[in-house]
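Structural description and commentary
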Amino acid sequence: FVTAEFEYNARPGAVRDRLAEVFGEWMRLLERLAREAVALGELPADTDVSQLAFEVEALGVVAILQSRLLPPATAYAYARRAVQNRLQALCRDASLIPEVRP
């Protein structure tokens, strides 16, 4: 999807429209999961779920791009650690966020 997004984001038409639709669904899913975590008390009530979804997506995109240049395991490990660090920074009780292992 990332490759297709880069290729079609400036091209009008059905492919771009469908990619935008699917991307919107993906972002809504990330936001919903963040809202559920807030509702369960796993994330603070004042969490900006749209911002968090954007950051998680951004880290995923960079992991995909860098996995073409770095060893994939390294790129994905960095991304996992970055997401974990972001979630821990949000939490008053960092023990709620399990450690991610490569």
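Look up: the structure comes first, before these words.
Below you will find a few notes about this structure. (Residues numbered from 1 in each chain as written. Predicted model: local features only at pLDDT ≥ 70, side-chain atom pairs only at ≥ 80, totals over all residues. Heavy atoms only, no water.)

**Thoughts on the overall build of the chain**
From N to C terminus, the chain includes four helices and zero strands. When the helices and strands of the chain are placed in sequence order, the string is α-α-α-α. Relative to its full complement of 102 residues, the chain shows a buried share of 25%. A separation of at least 24 residues holds for 38% of the contacts in the chain among residues at least 6 apart in sequence. (Helix = DSSP H or I, 4+ residues; strand = E, 2+ residues; numbered from the N terminus. Buried < 20%, exposed > 50% of the residue type's maximum accessible area, 1.4 Å probe, protein only. Contact = heavy atoms within 4.5 Å.)

**Some remarks on the packing of helix α3 (residues 49–66) against helix α4 (residues 72–90)**
Where α3 contacts α4, the two axes come as close as 8 Å, and the packing angle between them is 165°. With respect to α4, the element α3 is oriented roughly antiparallel. Of the two possible hands of crossing, α3 and α4 adopt the one that is right-handed. Contact residues: Leu52, Glu55, Val56, Leu59, Ala63, Ile64 and Gln66 in α3; Ala75, Tyr76, Ala79, Ala82, Val83, Arg86, Leu87 and Leu90 in α4. Broken down by class, the residue content of the contact of α3 with α4 amounts to 12 nonpolar, one polar and two charged. (Axes fitted to C-alpha atoms, helices over the stretch in contact; angles between N-to-C directions. Parallel < 35°, antiparallel > 145°, perpendicular 65-115°, else oblique. Left-handed = near helix turned anticlockwise from the far one by under 90°. Nonpolar A, V, L, I, M, F, W, Y, C, P; charged D, E, K, R; others polar.)

**As for the pattern of salt bridges**
Here the structure, examined in full by the defined rule, presents four salt bridges. Residue glutamate 21 is joined to arginine 18 by a salt bridge in which the shortest nitrogen-to-oxygen separation is 3.0 Å. Here glutamate 21 and its partner arginine 18 are both found in helix α2 (residues 14–39), three residues apart, which amounts to about one turn of the helix. Judged by its relative accessible area of 45%, arginine 18 is partly exposed. Its salt-bridge partner being glutamate 55, residue arginine 86 comes within 2.3 Å of it at the nearest N-O pair. Of this pair, arginine 86 sits in helix α4 while glutamate 55 sits in helix α3, placing them 31 residues apart in sequence. (Salt bridge = Lys/Arg side-chain N within 4 Å of Asp/Glu carboxyl O.)

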